[in-house]
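# Residue-level structural notes
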Amino acid sequence: MKTAVHFSIFLFVCTMSFAQFDTNYEESQVREFNLPNPLTTFAGEKISNISEWSEKRRPELFEFFENQVYGKVPGKLDSASFKLLEENENALNGKARRKQVEVTLSKNEKSIRFTILMFLPKKSSATPIFLGYNFFGNHTITNDANVIVSEAWAMNSEEMHISDHRLTEASRGLRGHRWAIEKILEGGFGLATIYYGEIDPDKYDLSDGLHELFYEKRQERPKNNEWGSLAAWAFGYSSALDYFEQDRDVDPTKVVVFGHSRLGKAALWAGASDQRFAGVISNASGCGGAALSKRRFGETINVINTSFPHWFCRNFKKYNNNEEALAVDQHQLLTLIAPTPVYVASAQDDQWADPKGEFLSAYHASTVYALFNKKGIATNQMPELHTPIHTAVGYHIRAGKHDVTDYDWEQYIKWANEVLELNQ
Ligand code: GTR
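Reading the values: the criteria
Residues numbered from 1 in each chain as written. Predicted model: local features only at pLDDT ≥ 70, side-chain atom pairs only at ≥ 80, totals over all residues. Heavy atoms only, no water. Helix = DSSP H or I, 4+ residues; strand = E, 2+ residues; numbered from the N terminus. Rg over C-alpha atoms; globule rule 2.2 N^0.38 Å. Buried < 20%, exposed > 50% of the residue type's maximum accessible area, 1.4 Å probe, protein only. Contact = heavy atoms within 4.5 Å. Areas by Shrake-Rupley, 256 points an atom, 1.4 Å probe, with all protein chains shown as cover. Lys, Arg positive; Asp, Glu negative; His and termini not counted. Charge placed at Lys NZ, Arg CZ, Asp CG, Glu CD. 1 Å grid on protein atoms, 1.4 Å probe; cavity = no way out; pocket = protein on both sides within 12 Å on 5 of 7 lines; lining within 4 Å. Points joined across faces, edges and corners; volume = space filled by probe spheres on them. Nonpolar A, V, L, I, M, F, W, Y, C, P; charged D, E, K, R; others polar. Axes fitted to C-alpha atoms, helices over the stretch in contact; angles between N-to-C directions. Parallel < 35°, antiparallel > 145°, perpendicular 65-115°, else oblique. Left-handed = near helix turned anticlockwise from the far one by under 90°. Salt bridge = Lys/Arg side-chain N within 4 Å of Asp/Glu carboxyl O. Near = heavy atom within 4 Å. Polar contact = N/O pair within 3.5 Å; in protein donor to acceptor, adjacent residues only side chain to side chain.

## Side note on the overall build of the chain
From N to C terminus, the chain includes 11 helices and 10 strands. Over its C-alpha trace the chain gives a radius of gyration of 20 Å, about what one expects of a compact globule, namely 22 Å for 424 residues. Here the C-alpha coordinates of the chain stretch approximately 55 × 55 × 45 Å along the principal axes. Burial status across the chain gives 61% buried among its 424 residues. Counted over contacts in the chain with a minimum sequence separation of 6, partners at least 24 positions apart contribute 69%. Entry remark: accessible area of the chain is about 17300 Å², with carbon and sulfur atoms responsible for 47%. If you average the places of the 45 positive and of the 54 negative side-chain charges in the chain, the two averages end up 2 Å apart.

## Quick notes on the environment of Gln68
Topologically, Gln68 is positioned in helix α2 (residues 50–70). According to the relative accessible area criterion, Gln68 is buried, its value standing at 14%. It is 13 Å that separates the C-alpha atoms of Gln68 and Gln332, two residues lying 264 residues apart in sequence. Apart from the residues lying within four places of it in its own chain, the contact partners of Gln68 are Cys313, Asn315, Phe316, Lys318 and Tyr319.

## Structural notes on the layout of surface pockets
A water-sized probe rolled over the atoms picks out the places where empty space is left. A volume near 440 Å³ is recorded for the largest pocket. In terms of lining, the largest pocket is formed by 18 residues, of which the most central are Arg113, Ser150, Glu151, Ala152 and Glu198. Counting residues per element, the lining of the largest pocket draws most heavily on strand β3 (residues 110–121), at 5 residues. Its residues placed into classes, the lining of the largest pocket shows 8 nonpolar, 6 polar and 4 charged. One number sums up the size of the second largest pocket: a volume of about 360 Å³. Elements supplying a minimum of two residues to the lining of the second largest pocket: α2, α6 (229–244) and α7 (262–273). Sort the elements by how many residues they give to the lining of the second largest pocket and α6 lands first, with 6 residues. Among the residues forming the lining of the second largest pocket, the class breakdown is 7 nonpolar, 5 polar and 5 charged.

## Considerations on the packing of α7 against helix α9 (residues 330–337)
The description of two helices packed together rests on the angle between their axes and the distance between the axes. Relative orientation of the contacting elements α7 and α9 amounts to 50°, with a least axis distance of 7 Å. If you check the angle between α7 and α9, you find them oblique. When you trace α7 past α9, the crossing you get is left-handed. Residues Leu268, Trp269, Gly271 and Ala272 of α7 form the contact with α9, whose own contacting residues are Leu333, Leu334, Leu336 and Ile337. Residues that form the contact of α7 with α9 fall into these classes: 7 nonpolar, 1 polar and no charged.

## A few points about the pattern of salt bridges
Counted according to the given criterion, the structure contains 30 salt bridges. For Asp408, the salt bridge goes to Arg398, with nearest N and O atoms at 2.8 Å. Of the two residues, Asp408 sits in helix α11 (residues 406–419) while Arg398 sits in strand β10 (residues 393–398), which places them 10 residues apart along the sequence. Looking at Arg398, the relative accessible area reads 4%, which means it is buried. Three or more residues joined by partner-sharing salt bridges are found here, namely Glu87, Glu89, Arg97, Lys99, Asp247 and Asp249.

## Description of the site of the ligand
Around the ligand, 11 residues are found, and the nearest of them are Ser261, Arg262, Lys265, Glu299 and Trp352. For the ligand, an oxygen atom lies 2.5 Å from a polar atom in the side chain of Arg262. Within the side chain of Glu299, one N or O atom sits 2.5 Å away from an oxygen atom of the ligand. Look at the ligand: alone it shows 320 Å² of surface, and the protein chains cover 97% of it. For the shell around the ligand, the residue count by class is 6 nonpolar, 2 polar and 3 charged.

## Some details on the packing of α2 against α9
Closest axis-to-axis distance for the α2/α9 pair is 10 Å, and the angle between their directions is 125°. In this view, α2 runs oblique relative to α9, as classed from their interaxial angle. Handedness of the α2/α9 crossing: left-handed. Residues Trp53, Arg57, Arg58, Leu61, Phe62, Phe65 and Tyr70 of α2 lie in contact with α9, whose contacting residues are Gln330, Gln332, Leu333, Thr335 and Leu336.

So yeah, pure geometry; function would need other evidence.
Shown next as structure tokens:
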């Protein structure tokens, strides 16, 4: 059996050995399955126009994903406040403006805080931006010595020199290769990033982070249909957008939410649950993200729920090795984002994430985009490597491993410029 070599050693060590699962990497071994039609309601009614979609089908699909997959957010915050911690007009050798803004979310007399790091093009106001979480702290995306190191809990990582669950100065800049900051700025966008662990620590313990704010007295975990970590991270993306609506340097109608891997799953759910985003990018989001679950190729529902029991709601465990019982599949997650443009990207060596399943999801979501007169993916034949499709449903597959590369960013920048109709 091929092993999941594309993970960084850190992920491999801290999750578990996948060898215990019987993972399929053979296309010929993919069993036949029924893919639910986005344009047929659960009761079998055909949907043929935008109002039927918006009034009947979208709400029932959304409710299903909320209650059975990612989990519902139990209520609303009491308040959110924002504080500018620091700004500089001449960051990155004079190429950018830098801002660091602290957001405080409060409920039931408890609060959490997170910091948004922003690099903005110098000469523009109300700029479009990409918003994405990082895995090991804002200071890992750049060598800029002024970026604040978060004090939040972190996963240990040899590669990042983290051994006591504390983020460290030693990892400053180590993830710079995943963030094409200069290209983003030259492309007319700003970049905003947040350390995801500040929203909810990525461990099987839902007594902390954002979840804790919403608990009733003596409650220690969410109900079966309530949110896991992915929905909490999605909520964090929306909270950042609430902030952008108050920041004159950002155009809040042009915020493209981006995420890699588990954070790509969170970005897709953010795009489905918050229609204010202007675009959504899933980089190698795989199982529980863009990839079709019913193919059972690479990572499966059983594997993901066993390795990461805190990511989805508890109801989702009903579908472990039981994909036939699932009334939806992940292409329908993409349809919940429509008509907002969505981009799905895969990497050839990332078979764990099932590139073909990610592509087919984008293809099968396209019928709903067509209702809105938006171009999607016209054929179920996967494109060649490095042959991007830049329609309202975008897709590319590149050579290489599970990662975010300059090639990926070049596509996102071009695509976002097109779908947001900038520079015209
Ligand atoms: C893996 C997990 C994937 C993906 C990845 C990541 O261990 O199996 O679903 O989310 O982690 O986030 O890097």
